[in-house]
Amino acid sequence: MAHQAKGIRVGWGIGALVLGVLGVACQGEAPSDSLLMVTVPDYCPYEFVAEDGAVVGFDIDLAQAIAQELGNAELTIQTLPHFNQIIPTLRQGEVDFAMAAMTPTPARRQVATFSDIYYTQKIAIVSVATEGFSDLESLIGKRVGVRTDSAHAETLMIYSAIEIQRFAQTDGLIAAVKRRKLDAAILDQAIAPKYTTPASQLTWFPVEPLTDVAGVAIAFPKNTSLVADTNAAIKKLTEDGTLLRLIHQWFDDYQCWVAPEPS
């Protein structure tokens, strides 16, 4: 059975908002039995800022469950504004790990160490409902948006005739499709239904992965000692049904809250 959680600390820049699962944790130096995680909370339902300002999501809940398995460690979450800041932050060696729907591509494996895959991604093409695209070839000659430094961006690179536009945040990517500044966007299949409700006037089509590297994993600094224990925790959470429960909770039923666009 998993240990009971001590707490979660969520850091915003220099100041920290400290959230306790069973109470309010004290600010100050983190205890020795603590873990510092970095993420970019703009990719619902993996990690995002909820309407009440809390950092929540599938990765957040899974990270907390892993922290419980790793000796009931206190989990501190540090947020970054942009996805492409994660690897440099890991290379500085000042955080224990990163969870941000990261695919362990060969390029990333050269500069970071990864856990086992904990969730498998598949590609979805999102577009306005009247102009659905059913495969990647249909995007040739089109303006297609992707998350900056995402694995999907690397996938599209094989199609030189696709005009790729990169976005730091998913909300901006979806807004560009709605405003017809993009013909389509590439998201995960698990993500796409959350942004393509009937009211959105958007639709999506599934695309099978083009490579064997299609899942997401936890990223660590090189030469860390946490990988083996983390993999054991992922295996335990898979076997006891916790991981499946979180997948259903966040990918089957949860409706992403999107902040209103500025008028």
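The shown structure was predicted, so the numbers you read here are calculated from the model rather than taken from an experiment.

Definitions and limits used
- Residues numbered from 1 in each chain as written.
- Predicted model: local features only at pLDDT ≥ 70, side-chain atom pairs only at ≥ 80, totals over all residues.
- Heavy atoms only, no water.
- Pairing = 2+ DSSP bridges.
- Helix = DSSP H or I, 4+ residues; strand = E, 2+ residues; numbered from the N terminus.
- Axes fitted to C-alpha atoms, helices over the stretch in contact; angles between N-to-C directions.
- Contact = heavy atoms within 4.5 Å.
- Expected span 1.5 Å × (residues − 1).
- Buried < 20%, exposed > 50% of the residue type's maximum accessible area, 1.4 Å probe, protein only.
- Parallel < 35°, antiparallel > 145°, perpendicular 65-115°, else oblique.
- Nonpolar A, V, L, I, M, F, W, Y, C, P; charged D, E, K, R; others polar.

Chemist: Explain the sheet that holds strand β13 (residues 163-167) here, please?
Modeler: The strands making up a sheet associate through backbone hydrogen bonding, with each pair oriented either parallel or antiparallel. In spatial order, the strands read β13-β12-β14-β11-β15; together these five strands make up an open sheet with mixed pairing. Each edge of the open sheet is held by one strand with a lone partner, namely β13 and β15 (202-207). When strand polarity is set aside, the average angle formed by the axes of neighbouring strands in this sheet is 30°. Pairing of strand β12 (residues 143-147) with strand β14 (residues 184-188) involves two bridges; the strand directions are parallel. Across the sheet, residue G145 finds its bridge partner in β14, namely A185. Against the sheet, helix α5 (residues 170-178) touches β11 (123-128), β12, β13, β14 and β15, its axis set at about 145° to β14.

Chemist: Explanation requested: helix α1 (residues 58-69) in the structure shown.
Modeler: Structurally, the α-helix is built with 3.6 residues per turn, so residues lying three or four positions apart point the same way. The end-to-end C-alpha distance of α1 is 17 Å, a good match for the 16 Å that twelve residues give at a rise of 1.5 Å each. With respect to burial, α1 is a largely interior element, ten of its twelve residues being buried. Positive backbone phi, approximately 80°, marks G71, located one or two places after α1.

Chemist: When you look at the packing of α1 against helix α7 (residues 227-239) in this model, what are you seeing that I'm missing?
Modeler: Between two packed helices, the angle of one axis relative to the other and the distance separating the axes together describe the packing. As a packed pair, α1 and α7 sit with axes 9 Å apart at the nearest point and diverge in direction by 110°. What the angle tells us is that α1 and α7 run roughly perpendicular. Contact with α1, carried on its side by L62, A65, I66 and E69, involves T230, A233, I234, K236 and L237 of α7 and no other residues of that element. When the residues that make up the contact of α1 with α7 are grouped by side-chain class, the tally is six nonpolar, one polar and two charged.

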